[in-house]
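Here is what each chain is made of, one letter per residue.
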Amino acid sequence: MLVNKKILIADDDINIIASLKFVLADEGYDIVAVTTPQAALENLKTQSIDLILLDMNFQQDTTSGAEGVQLVEAISMLELNIPIIVMTGWATIDIAVEAMQAGAKDFIQKPWKNERMLSAIDNQLALAKSDKKAQRLSQQNQLLTSQAHPDSRAGIIAQSQTMQELLATLDDLAQSDMSILLTGDNGTGKSMLAAYVHSVSSRAKHSFVPVNMGAIPESLFESEMFGHVKGAFTDAKENRIGRFEMAEQGTLFLDELANIPFAQQAKLLHVLEAQQFEAVGSSKSLHADVRIISATNSDLLSDIKNNTFRQDLYYRLNTIELRVPSLRERVEDIPALAAHFLDAFSAKYHRACPQLTEHAIIAMQQYDWPGNIRELSHMMERVLFICKKDSIDTVDLRLTGAENNDVESLDDPTLSLDEIERKTLIKRLKFHRGNATETAKSLGLSRSGYYRRLSKYELD
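Predicted model, so just to flag it, every value in this text is computed and none were measured.

## Quick notes on the sheet that holds strand β3 (residues 51-55)
Line of reasoning, step 1. What the five strands build is an open sheet, ordered β2-β1-β3-β4-β5; its pairing is parallel. Looking along the sheet, the strands with just one partner apiece sit at the ends: β2 (30-34) and β5 (106-109). Direction aside, neighbouring strands of the sheet carry axes that sit 20° apart on average.

## A look at the side chain of Glu256
Line of reasoning, step 1. Looking at the secondary structure, you find Glu256 in the loop between β8 (251-255) and α10 (262-274).
Line of reasoning, step 2. Buried and unpaired, Glu256 has no salt bridge, with Arg374 as the nearest side chain of opposite charge at 6.5 Å.

## Looking at the nonpolar core
Line of reasoning, step 1. Counting 31 residues, the largest nonpolar core has Met225, Phe244, Leu252, Leu254, Leu257 and Ile292 as the members making the most contacts within it.
Line of reasoning, step 2. Counting residues per element, the ones that place at least two in this core are β7 (208-212), α8 (221-226), α9 (243-246), β8, α10, α11 (300-305) and α12 (311-317).
Line of reasoning, step 3. It is α10 that provides the largest number of residues to this core, a total of four residues.
Line of reasoning, step 4. Counting 24 residues, the second largest nonpolar core, distinct from the first, contains Leu44, Leu54, Ile75 and Ala96.

## With respect to the sheet that holds β7
Where strands meet in a sheet, backbone hydrogen bonds hold them as pairs that are either parallel or antiparallel.
Line of reasoning, step 1. In spatial order, the strands read β7-β8-β11-β6-β12; together these five strands make up an open sheet with parallel pairing. The strands lining the two open edges of the sheet, one partner per strand, are β7 and β12 (320-323). Between one strand axis and the next, the sheet turns through 20° on average, direction left out of account.
Line of reasoning, step 2. Note: strand β6 (residues 180-183) against β12, four bridges, orientation parallel. When the sheet's bridge partners are listed, Ile180 is paired in β12 with Ile320.
Line of reasoning, step 3. Together, β6, β11 (291-296) and β12 form the strand contacts of helix α6 (residues 161-174), whose direction differs from that of β12 by roughly 155°.

## Digging into the packing of aromatic side chains
Line of reasoning, step 1. Counted by the stated rule, this structure contains 10 aromatic pairs.
Line of reasoning, step 2. Centroid distance Tyr349 to Phe385: 4.9 Å. Interplanar angle 70°. Geometry classified as edge-to-face. Residue Tyr349 is located in helix α13 (residues 334-349), and its partner Phe385 is located in helix α15 (residues 372-386); the two are separated by 36 residues in the primary sequence.
Line of reasoning, step 3. Residue classification places Tyr349 among the partly exposed residues on the basis of a relative accessible area of 28%.

## Re the side chain of Lys284
Line of reasoning, step 1. Summarising the element assignment, Lys284 is placed in the loop between β9 (276-277) and β10 (286-287).
Line of reasoning, step 2. Buried and without a salt bridge, Lys284 has Asp50 as its closest oppositely charged side chain, separated by 9.5 Å.
Line of reasoning, step 3. Within the structure, Lys284 has its side chain in polar contact with the backbone oxygen of Leu44 (distance 2.8 Å).
Line of reasoning, step 4. If we ignore the near neighbours within four places in the chain, the residues touching Lys284 are Leu44, Lys45, Thr46, Gln47, Ser48, Leu80, Phe277, Glu278 and Ala279.

## Quick word on the pattern of salt bridges
Side-chain pairs of opposite charge can arise where the charged atoms are in close proximity.
Line of reasoning, step 1. Applying the stated criterion across every chain yields a total of 17 salt bridges.
Line of reasoning, step 2. The shortest N-O distance in the salt bridge between Glu222 and Lys267 comes to 2.8 Å. Of this pair, Glu222 sits in helix α8 while Lys267 sits in helix α10; the two residues are 45 residues apart in sequence, bridging distant segments of the chain.
Line of reasoning, step 3. For Lys267, a relative accessible area of 31% corresponds to the partly exposed category.
Line of reasoning, step 4. One continuous salt-bridge network, built from bridges that share partners, spans Asp11, Asp55 and Lys110.

Rules of the game
- Counting restarts for each chain, with residues numbered from 1 along the sequence as it is written.
- Per-residue local features are limited, in this predicted model, to residues with pLDDT of at least 70; the limit for side-chain atom pairs, both in listing and counting, is 80 or more; totals at the level of whole chains, interfaces and linings are taken over all residues.
- Side-chain calculation: all heavy atoms of the structure are included, whereas hydrogens and water are not.
- By this definition, two strands are paired if DSSP reports at least two bridges between them.
- Counting from the N terminus, the helices are DSSP H or I runs at least four residues long and the strands are E runs at least two residues long.
- Fitted lines through C-alpha atoms give the axes, limited to the stretch in contact for helices. The angle between two N-to-C directions lies from 0 to 180 degrees.
- Classification of residues uses two cut-offs on accessible area relative to the type maximum, computed with a 1.4 Å probe and protein chains only: under 20% is buried, over 50% is exposed, and between them is partly exposed.
- A positive count includes Lys and Arg, and a negative count includes Asp and Glu. His and the chain ends are not counted in either.
- For this analysis, a salt bridge means a side-chain nitrogen from Lys or Arg found within 4 Å of a carboxyl oxygen belonging to Asp or Glu.
- Only buried residues count toward a nonpolar core, which is a set of Ala, Val, Leu, Ile, Met, Phe, Trp, Tyr and Cys residues joined through side-chain atoms within 4.5 Å.
- Residue contacts are counted whenever heavy atoms from the two residues lie within 4.5 Å of one another.
- Aromatic rings from Phe, Tyr and Trp, taking only the six-membered ring of Trp, are treated as a pair when their centres fall within 6.5 Å; an angle between ring planes under 30 degrees marks them as stacked, one over 60 as edge-to-face, and anything in between as tilted.
- Under this definition, polar contacts are N or O atom pairs within 3.5 Å; protein pairs additionally need one hydrogen-donor-capable and one acceptor-capable atom, and for neighbouring residues in sequence, both atoms have to be side-chain atoms.

Bear in mind that shape data such as this cannot, by itself, settle questions of function.
Here you go:
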């Protein structure tokens, strides 16, 4: 039995409405009843309706079905994707065909049989759920970068005690719905750990939706997070599902949390507190059943003192706050991580996989790793192509010169403008130890401009 689904009945016969209410309420449906086409349209603009039962004839025309067809057409133009079942006591094949062509999904003749009515409603609700899921997955494929997420501890390399303790804590937290705030330097694997929590939680069968908050322009924040309806603004050519709706019953991961524009933080806080939201251009409230995991490399308490981050939002998001250790704090994991990346890139590029010498491993464990795991991954990818031997020694890693080689000689007359900009970005990132906010500020870039350049030069 479907529970809490809302059905709109449009019929000018109050006896028909009473009979339908009696049958459908007993099945657990919520009922909204109206007696005119105008009232039906007004309710659709202000309420979330799951299915419409629509009479084909109203008081102006009691036999032709023209009013019903016109109403079906008007509802279809709203592009709400709500299944419509039409019904009439003056049933003809022509009226049925015309109603289906106008957008109706099924046709029932009065007087109806309860079994046939309930079966038609169940079928249409199931089909609508399937269609909505397909639409959501389609938009996820368009909007979200494909990421490989672990579905067990086997997907995470963690031999050090500090990482084992962190994973044990995350295993416990995964069984709850509490909000988790992950902190730590860039490149430490916060997004992978957020995906891991989702994969071992009760929400695992639903979507994990990551959002880079720094990459969303402030003017599009509400549209990206909450969606919009067609015509809500100039470029709104069609209805769009927001990230909250994509993550319904799943997990929403807010990465680069500190980069949310201050003016938009209050809107996010309201949604988290009320657990409901409205798409841009719509007055309908949608339920927000999502688990929030967020991550930042910023000092949020300092941001609060500087009035760039709301204190109430901070306490809403950090039911528990966990720091992800930097790579230099988990040196025991470096050999296994390096071997993992070498194997992965060897398979990707179809190249022989050289082995790391003991001296190379010791050198890596003594290195500071300002770019953390991401830097280690990039280094192993580079070494795979540079090293022409069966083994990788310390000299092949280029640890002492890696930073300078990448950013030196900006005045080289052979460099293109893009090469100069890329080297400047790398140098500034290293100076600010990967802090996105400070790096963008020092370069005079907006958040969205900064992330566009990271993507352009494949530094993200």
